[in-house]
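# A structural walkthrough
Spelled out from the first residue to the last, the chains are:
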Amino acid sequence: MKRFSFIFRIIGVILFIYFLKTVDFKNILSALKNIDKKLFGLTIFISFSSIIFRVLRMRFFISRVNPKNLVYYMHELYLIYFTGLFFGSVTPSKVGELVKVRYIKKLGTKESMYVILADRIWDAFYIFGFAYLGLFFLGVKKLFYSMSVVGLIFLIIAFVLFKTRGIEFIKKKTPEFIKRFISPELFKHDLKSLIFINLMTILCFGIYFLWYLLLIRIAGISDVPAIKIFWIQSIIVFVNVMPISIMGMGTREAIAFHFLKVYGYNMEDIMFFGVIVLFFYVLNIVFGFISWNLIEHLIKRRPETYE
């Protein structure tokens, strides 16, 4: 299975290489030398600051399963998050989430799987929701309506045929951490908690979009409305989490070109943008590697929780 996953991810890399061959890379290098340095520096700051809201949300989920009231410092969780990004980027099987589970557990939270699972579920809900709406607002209405009909039919069939059987299966077969996750006692959030979770998620996605929009502008794509960029970015993010690319290479450029060519932009413009985004992925990998070494050092200084 891992072998097939790796093969699928090569698809995006092949697309990226193909797109590079269709453009004059010298023009891209020349454009890179002339980018707005201050604006580019601002995008670097935004890229790293957006993670803060993910860390705050993660710390909230930890508080739900942390009866010992252990202290989790922001810088520790920040380093853990980037460590996960590092392993998620450099490994074909995307083990970054499991790495975060490992380190949160080392800091004392036994139900660390719940923390990461809850964290990913909230992200998945927004990623799919924005991408789904993006199909409608970008004019891909046939696919939008087809997905709506198929999804509704599937839900009706699943509810009618598997309601009782599914509940029994979950009770008997579901691993303990998932039982805890879906149990009313653990997942019961009051209105204030739900507002906080949604606010942190929206802020994170909002800042991420601001970063994305600034990179688009830096790449010279200046006459496309911001709301259009938002929906394009939403679909790109959704496709990037699917196992058909490495760091979004190839698929990101293909989707951007599909929707931006009507504005007169060619593949060279899109590849210029793709190269800038790829730089940030490499930057995250480097910082993630540093974070990995730092968190290993820090958690060993907490013998009261370190396993």
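Up top you'll find the structure we're talking about.
Everything in this summary refers to the structure shown in the same document. All figures in this text were calculated on a predicted structure; none of them were measured in a lab.

## Digging into the nonpolar core
For soluble globular proteins, nonpolar side chains are generally found buried alongside one another. Grouped together as the largest cluster of nonpolar side chains are 82 residues, with contacts concentrated most on F61, V115, L215, I229, L260 and I276. If one sorts the elements of this core by residue count, helix 14 (residues 267–299) sits on top with 14 residues. Setting aside chain neighbours within four positions, we find I229 in contact with F209, Y212, L213, I216, V224 and L260.

## As for the environment of Y78
Among the secondary structure elements, Y78 is positioned in helix 5 (residues 74–90). Residue classification places Y78 among the buried residues on the basis of a relative accessible area of 17%. Leaving out residues up to four positions away in the same chain, Y78 has contacts with F48, I51, I52, V55 and F287.

## Considerations on the side chain of E296
Structurally, the position occupied by E296 is in helix 14. Given a relative accessible area of 18%, E296 falls into the buried group.

## Digging into a nonpolar patch on the surface
Judged by side-chain polarity, V282, V286, F289, I290 and L294 come together as a nonpolar surface patch covering roughly 420 Å² of accessible area. The topology assignment puts V282 in helix 14. Accessibility expressed as a relative area gives 43% for V282, which makes it partly exposed.

## As for helix 12 (residues 226–240)
Turn by turn, an α-helix covers 3.6 residues, leaving residues three or four places apart pointing in a common direction. Along its 15 residues, helix 12 runs 20 Å from first to last C-alpha, staying within 8% of the 21 Å computed at 1.5 Å per residue. The buried fraction of helix 12 is high, at 11 of 15 residues. Taken together, the buried positions of helix 12 are I229, F230, W231, I232, Q233, S234, I235, I236, V237, V239 and N240. In this structure, the buried side of helix 12 is in contact with helix 7 (112–137), helix 11 (191–218), helix 13 (251–260) and helix 14.

Reading guide: rules and limits
- Residues numbered from 1 in each chain as written.
- Predicted model: local features only at pLDDT ≥ 70, side-chain atom pairs only at ≥ 80, totals over all residues.
- Heavy atoms only, no water.
- Core = buried A, V, L, I, M, F, W, Y, C linked by side-chain atoms within 4.5 Å.
- Buried < 20%, exposed > 50% of the residue type's maximum accessible area, 1.4 Å probe, protein only.
- Helix = DSSP H or I, 4+ residues; strand = E, 2+ residues; numbered from the N terminus.
- Contact = heavy atoms within 4.5 Å.
- Patch = residues over 30% accessible without salt bridge, like charges linked within 9 Å, V, L, I, M, F, W, Y side chains within 5 Å.
- Areas by Shrake-Rupley, 256 points an atom, 1.4 Å probe, with all protein chains shown as cover.
- Salt bridge = Lys/Arg side-chain N within 4 Å of Asp/Glu carboxyl O.
- Expected span 1.5 Å × (residues − 1).

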